[in-house]
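Notes for the structure review
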Amino acid sequence: MAPVEPAIDPRVFRTALGQYPTGVAIVTTLDAAGRPVGMTINSFASVSLDPPLVLWSVQVHTGSADIFRTAARFAICVLAADQEDMALRFARAEENKFRDMAIHTGLGGIPLIPGALATFECSTWAIYPGGDHEIIVGHVERLNCRPGAPLGFHQGRFLALEAPQA
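These numbers come from a predicted model, not from an experiment.

What helix α3 (residues 84-91) keeps buried is the set M86, A87, R89 and F90. Taken around the axis of α3, the buried residues stretch over an arc of 160°, which confines them to a single face. Exposed residues on α3 whose side chains face more than 90 degrees from its buried face are D85 and A91. On the buried face of α3, the contacting elements are β2 (25-30), β3 (36-41), β11 (151-154) and β12 (157-160).

Written out as structure tokens, the structure is:
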């Protein structure tokens, strides 16, 4: 009989995950009524170069999870070091996170975050179960990027990373 491993304490697990610094992005889409929806994420990664695929994950009990689950399109906007306020705004459970913003629009009218370092405009490729999250894979149909310093997240805090020297 195989030994039974002790359960992993979720707080310890989260602390250990926090040792891995990540970038910060905002994922956006439109709801069924055509209203812009967005949320801050740090669960973003590349999947494939050919075809160009990226992934991100959403907690299944998040208020906008159903919107993203049924969205045909979404955009991932990688934030610059000076966009911490934007990251905090989209991390909150507010009704209209886009108020007072000059919204740029992408393919299918998806809202894009102005000032982002990189924007990946995607069609939904696949959705996979991932415990208390769903993993959403997007096919990148258009992208835009500019040089600059990215916003990072490490041990529960934002940090401004330095832009690489040319």
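Confidence in the prediction of the protein chain, expressed as mean pLDDT, is 92, and 97% of residues score 70 or more. Within the protein chain, strand β6 (residues 73-78) carries the highest mean pLDDT (98), whereas helix α1 (residues 10-17) carries the lowest (86).

Moving on, we come to the pattern of salt bridges. On inspection of all chains with the given rule, the structure shows 6 salt bridges. When the shortest N-O distance is used, the salt bridge between R11 and D9 registers 3.1 Å. On the accessibility criterion, R11 (65% relative accessible area) is exposed. Here R73 makes a salt bridge to E141, at a shortest N to O gap of 2.8 Å.

Spatially, the 3 strands line up as an open sheet ordered β1-β11-β12, and their pairing is antiparallel. Pairing within the sheet leaves two strands with one partner each, and these edge strands are β1 (22-23) and β12. With 4 bridges connecting them, β11 and β12 associate as antiparallel partners. Residue pairing for β12: F153 is matched across the bridge by F158.

What counts, and where the lines are drawn
- For every chain, the first residue of the written sequence is number 1, and numbering continues from 1 onward in sequence order.
- Reporting in this predicted model follows two pLDDT cut-offs: at least 70 for local features of residues, and 80 or more for side-chain atom pairs to be given and counted; totals over whole chains, interfaces and linings ignore these cut-offs and use all residues.
- Here the side-chain values reflect all heavy atoms present in the structure, with hydrogen atoms and water set aside.
- A 1.4 Å probe rolled over the protein chains alone gives each residue an accessible area, and that area as a share of the maximum for its type sets the label: buried under 20%, exposed over 50%, partly exposed in between.
- By the criteria applied, helices consist of DSSP H or I runs no shorter than four residues and strands consist of E runs no shorter than two, each listed in order from the N terminus.
- When we speak of the arc, we mean the arc of directions from the helix axis to the C-beta atoms.
- Here a residue-residue contact requires only that any non-hydrogen atoms of the pair lie within 4.5 Å.
- One confidence number per residue, pLDDT, is output by the predictor and ranges from 0 to 100.
- Salt bridges, as used here, are contacts in which a Lys or Arg side-chain nitrogen is within 4 Å of a carboxyl oxygen on Asp or Glu.
- Two strands qualify as a pair provided DSSP detects at least 2 bridges between them.

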